[in-house]
Amino acid sequence: SLSELRVLDAAGCLSRAVPGWRVRSAEYQGAAAFRPLLAKAGFKSILNNQPDGEVARFQSASSLEAEAKRLGLDYAYAPLSSRTPPRDELALYAAALATLPAPIYAFCYSGSRSAAGCALLLTGGMEVDRIIGDFAAAGFDLAGLRPWLEEEHARRTGKAAQTDAPRKTAEA
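Please read all numbers here as calculations on a predicted model, not as lab measurements.

### Some thoughts on the pattern of salt bridges
- Under the counting rule described, the total for this entry stands at 10 salt bridges.
- The salt bridge involving Arg130 is made with Asp134; its shortest N-O contact spans 3.1 Å. Here Arg130 and its partner Asp134 are both found in helix 6 (residues 128-137), 4 residues apart, which amounts to about one turn of the helix.
- Asp134 gets classed as buried once you look at its relative accessible area, which sits at 19%.
- Note that Arg156 is salt-bridged to Glu152, the shortest N-O span being 3.0 Å. Highlighted residues: Arg156 and Glu152, both in helix 7 (residues 146-157), separated by 4 residues, approximately one helical turn.
- By relative accessible area, Arg156 is classed as partly exposed at 35%.
- A single salt-bridge network, built from bridges that share partners, covers Arg87, Glu151, Glu152, Arg155 and Arg156.

### Observations concerning the side chain of Asn48
- Note on placement: Asn48 falls in strand 2 (residues 45-48).
- Asn48 sits in the buried class, given a relative accessible area of 2%.
- A distance of 2.8 Å separates a polar atom in the side chain of Asn48 from the backbone nitrogen of Gln50.
- Among all residues touching Asn48, those that are not within four sequence positions of it are Ala61, Leu64, Tyr75, Ala76, Tyr77, Ala78, Pro79 and Phe107.

### Concerning helix 5 (residues 112-122)
- Most of helix 5 is tucked away: 11 of the 11 residues are buried.
- When we look at burial in helix 5, the residues that qualify are Ser112, Arg113, Ser114, Ala115, Ala116, Gly117, Cys118, Ala119, Leu120, Leu121 and Leu122.

### Description of the packing of helix 6 against helix 7
- The N-to-C vectors of helix 6 and helix 7 enclose an angle of 135°; their axes lie 10 Å apart at closest approach. Looking at the two axes, helix 6 sits oblique to helix 7. By crossing handedness, the relation of helix 6 to helix 7 is classed as right-handed. Here Val128, Asp129 and Ile132 of helix 6 come into contact with helix 7, specifically with Arg146, Leu149, Glu150 and His153.

### Some words on the pairing of strand 4 (residues 104-108)
- Counting buried positions over the 5 residues of strand 4 gives 5, a clear majority of the element.
- The side-chain alternation of strand 4 yields two buried faces, one formed by Ile104, Ala106 and Cys108 and the other by Tyr105 and Phe107.
- In terms of strand pairing, strand 2 meets strand 4 through 4 bridges, oriented parallel. Considered in strand 4, the bridge of Ile46 is made with Tyr105.

### Brief notes about helix 3 (residues 61-70)
- Residues of helix 3 that are buried: Ala61, Leu64, Glu67 and Ala68. Viewed along the axis of helix 3, the buried residues span an arc of 125°, placing them on a single side of the element. Away from its buried face, by an angle of more than 90 degrees, helix 3 presents the exposed residues Ser62 and Arg70.
- Summarising the contacts, the buried residues of helix 3 are in contact with helix 2 (35-40), strand 2, strand 3 (74-77) and strand 4.
- Downstream of helix 3 by a residue or two, Gly72 has a phi angle that is positive, lying close to 80°.

Parameters at a glance
- Residues numbered from 1 in each chain as written.
- Predicted model: local features only at pLDDT ≥ 70, side-chain atom pairs only at ≥ 80, totals over all residues.
- Heavy atoms only, no water.
- Salt bridge = Lys/Arg side-chain N within 4 Å of Asp/Glu carboxyl O.
- Helix = DSSP H or I, 4+ residues; strand = E, 2+ residues; numbered from the N terminus.
- Buried < 20%, exposed > 50% of the residue type's maximum accessible area, 1.4 Å probe, protein only.
- Polar contact = N/O pair within 3.5 Å; in protein donor to acceptor, adjacent residues only side chain to side chain.
- Contact = heavy atoms within 4.5 Å.
- Axes fitted to C-alpha atoms, helices over the stretch in contact; angles between N-to-C directions.
- Parallel < 35°, antiparallel > 145°, perpendicular 65-115°, else oblique.
- Left-handed = near helix turned anticlockwise from the far one by under 90°.
- Pairing = 2+ DSSP bridges.
- Arc of directions from axis to C-beta.

Distances and angles like these do not, on their own, reveal function.
Okay, structure coming up:
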């Protein structure tokens, strides 16, 4: 279940919002010396949410996968193109979270897409106000995502959305 997943954040931001969840900024994504610490810290998997080629200085998904395997870690590539990803991207992200062995180290460029993806997935079991409040307390301002969170909450729970805002893709 999603509540059993573990992902990393150096500041612990998301773990304060949702116990057991953490998201990592990708600033260390390219730091080869950092990744071996994941296995030593007990992580079992890496979930790459950074679209390949988006930041030229970062390694490709295939080279990160090879390194993860060399370190004995499972790996999945589920890129999120924005903080309000299309449903096919969100479904791929959810499938990776559901199938990778925990604890999971997930990352995107700043951590906000990984956090927003987590928030969108949490809408099936949490009220939107609580999600926004918990993430805000952890340092992630998701208030601008309320229309998408409410739409996803309505879709997952069968409850009517509280907003008439059209669904469009927000910038990452």
